[in-house]
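So the chains spell out like this:
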Protein chains: 2
Amino acid sequence: MIPEGASYFLSWRLAVEANNARGWRTVPSQCLSYVEAYMLGGQYDRDLELIVDQILSYINEIVPSDDGAMDAWILDVDDTCISNLFYYRGKRYGCDPFDPAGFKAWALKGGCPAIPAVLGLFKYLVRNGFKVFLITGRDQETLGKATTDNLHNQGFIGYERLIFKTAGFKGQSASAYKSEIRRRVEKEGYRIVGNVGDQWSDLQGECLGSRAFKLPNPMYFVP
Amino acid sequence: MIPEGASYFLSWRLAVEANNARGWRTVPSQCLSYVEAYMLGGQYDRDLELIVDQILSYINEIVPSDDGAMDAWILDVDDTCISNLFYYRGKRYGCDPFDPAGFKAWALKGGCPAIPAVLGLFKYLVRNGFKVFLITGRDQETLGKATTDNLHNQGFIGYERLIFKTAGFKGQSASAYKSEIRRRVEKEGYRIVGNVGDQWSDLQGECLGSRAFKLPNPMYFVP
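The model shown is predicted, which means the values in this text are computed figures rather than measured ones.

Caption draft 1: Local environment of the overall build of chain A. Broken down by element type, chain A carries nine helices and five strands. Starting at the N terminus and walking to the C terminus, you meet the elements of chain A as α-α-α-β-α-α-α-β-α-β-α-β-α-β. Against the 2.2 N^0.38 benchmark of 17 Å for 223 residues, chain A shows a C-alpha radius of gyration of 17 Å, consistent with a compact globule. Along the longest, intermediate and shortest principal axes, the C-alpha atoms of chain A span 55 × 40 × 30 Å. In chain A, which comprises 223 residues, the proportion classed as buried is 55%. Look at the contacts in chain A between residues 6 or more apart in sequence, and 72% of them connect residues 24 or more apart. Separation between the mean location of the 25 positive side-chain charges and that of the 26 negative ones in chain A comes to 4 Å.

And the structure:
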């Protein structure tokens, strides 16, 4: 018998990851200890490893396009390439509401560790000739330098382009902004063969590419 | 510490429900006892209940269209309205490959029990004036009568239409077939405000409506 709180957390997390729960602002506080156990106890890492295994299987099945040099992958940055877990630990794993100033101060430190499974995927993609586009909702002006340095010091080197949100996209949803960026990438002639993110807003909208992979994130929701 | 097998099942189920795992033919056999515990031990029912709660919240937020009489919901049938759990118990909860003849014999008996949470949702939708379309990949000619009777004897009464797969759709994927049916529904002037199914193929393709809800199903995959 699964204890009641653990059972509720499982149901809630399933609803989040299957895109049934939308627009939520905080993790239900009764889930606090379970989110913590999930993120720190190994299950989160194992979930990521299985998804990366599935991505690698997919890559090995696809036939490169005639001009393979234009085969592109889209990767999100926050909690896809690099982790904000240490920051969210101080925000009760998302039980506290989003704190824009606090997050900005954290991001400016440039100390987000790589997510090992995704770093491995990234290196595999680069090594195999895919063009990797890192697309982030972080603001270019204020966070561009710190984020670029952070990604580099964590080993994300060799990507085709790292794209930040610029002033022109201010106020647009992540889904609309990322759709427009993907449209521009396709217009340049790239063929998006895969798209990886921890938010459904990374994976929905327009120009989605051939296949999307949702990484787990039970701590916050980006519309 | 979560035992290794349980942990793998959690990762695998997450990958299935988040639409990362596609085209799988059988449940990994090391998951057998965990699928059984999930389906029979209460977690599956609790997961369904939470999703139905979320659907009800969504319904209470939406503004009826000017002609509310044309607001439609799409519900899948197998393992959405009625359950094949007893059948799949004999197929090692999906660890055995799909057996078309066996499934047909089971469906002909017309003994699938209602899924209580979804029956409650169905009745709520009908009572509140929504037009409910039940769309199933079951073959009209061979399974139409038994399935209609089964749905009625389980309380699914008052829907707008029950739509079976006809010969013209033979060989089409569930996603293509259901997209075409939804297109016809919209062409008649209905506005699809919600779509509920246990397979991602119920919820992807064209004419998807305003919102989709994925119910759990770790036992089989319909492309």
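Caption draft 2: Quick look at the relation of the copies chain A and chain B. Superposing chain A onto chain B takes a rotation of 180 degrees plus a shift of 0.0 Å along the axis, which leaves an RMSD of 0.0 Å. A rotation of that kind, with that shift, is consistent with a two-fold axis. If distances are taken from each C-alpha of chain A to the rotation axis, the shortest is found for Ala18 of chain A, at 2.3 Å. A symmetric contact is evident, with 100% of the interface residues of chain A recurring at the interface of chain B.

Caption draft 3: Up close: the interface of chain A and chain B. In this complex, chain A contributes 29 residues to the contact, which on the side of chain B involves 29 residues. For the pair chain A and chain B, the two sides together bury roughly 2,500 Å², of which 53% comes from carbon and sulfur. A per-residue breakdown of the area chain A buries against chain B is headed by Leu14, Asn20 and Leu50 of chain A, which together make up 25% of the total. Across the chain A-chain B interface, the total number found is zero salt bridges. Our count for the chain A to chain B interface comes out at twelve residue pairs in polar contact (both at pLDDT 80 or more). Of all elements in the fold, only α1 (4–17), α3 (43–61) and β5 (212–214) of chain A reach the threshold of two or more residues within the side of chain A that touches chain B. Among the elements that make up the side of chain A that touches chain B, the one with the highest residue count is α1 of chain A (nine residues).

Caption draft 4: Spotlight on the pairing of strand β4 (residues 191–197) of chain B. All names here are of chain B. The buried count for β4 comes to six of seven residues, which makes it a mostly enclosed element. Relative to strand β5 (residues 212–214), β4 runs parallel, the two sharing three bridges. Across the sheet, the residue bridging to Asn195 is Ala212, located in β5.

Caption draft 5: How the structure looks around helix α5 (residues 100–109) of chain B. All names here are of chain B. Regarding α5, the residues found buried are Gly102, Phe103, Trp106 and Ala107. Around the axis of α5, the buried residues are gathered within 130 degrees of arc, so they sit on the same side. The outward face of α5, more than 90 degrees from its buried face, is lined by the exposed residues Pro100 and Ala101. On the buried face of α5, the contacting elements are α4 (85–89), β2 (131–139) and α7 (140–153). Where α5 ends, the next residue or the one after it, Gly110, has phi of about 65 degrees, a positive value.

Caption draft 6: Fine view of the environment of Phe164 of chain A. Residue and element names in this part refer to chain A. On the secondary structure map, Phe164 appears in strand β3 (residues 161–165). Exposure remark for Phe164: the relative accessible area of 6% places this residue in the buried category. The contacts of Phe164, once residues within four sequence positions are left out, are Thr136, Arg138, Asp139, Gln140, Leu143, Gly144, Thr147, Thr148 and Tyr177.

How each quantity is defined
- Residues numbered from 1 in each chain as written.
- Chains lettered and ligands numbered in written order.
- Predicted model: local features only at pLDDT ≥ 70, side-chain atom pairs only at ≥ 80, totals over all residues.
- Heavy atoms only, no water.
- Helix = DSSP H or I, 4+ residues; strand = E, 2+ residues; numbered from the N terminus.
- Rg over C-alpha atoms; globule rule 2.2 N^0.38 Å.
- Buried < 20%, exposed > 50% of the residue type's maximum accessible area, 1.4 Å probe, protein only.
- Contact = heavy atoms within 4.5 Å.
- Lys, Arg positive; Asp, Glu negative; His and termini not counted.
- Charge placed at Lys NZ, Arg CZ, Asp CG, Glu CD.
- Least-squares fit on C-alpha atoms with pLDDT ≥ 70 in both.
- Buried area = accessible area lost by both parts, 1.4 Å probe.
- Salt bridge = Lys/Arg side-chain N within 4 Å of Asp/Glu carboxyl O.
- Polar contact = N/O pair within 3.5 Å; in protein donor to acceptor, adjacent residues only side chain to side chain.
- Pairing = 2+ DSSP bridges.
- Arc of directions from axis to C-beta.

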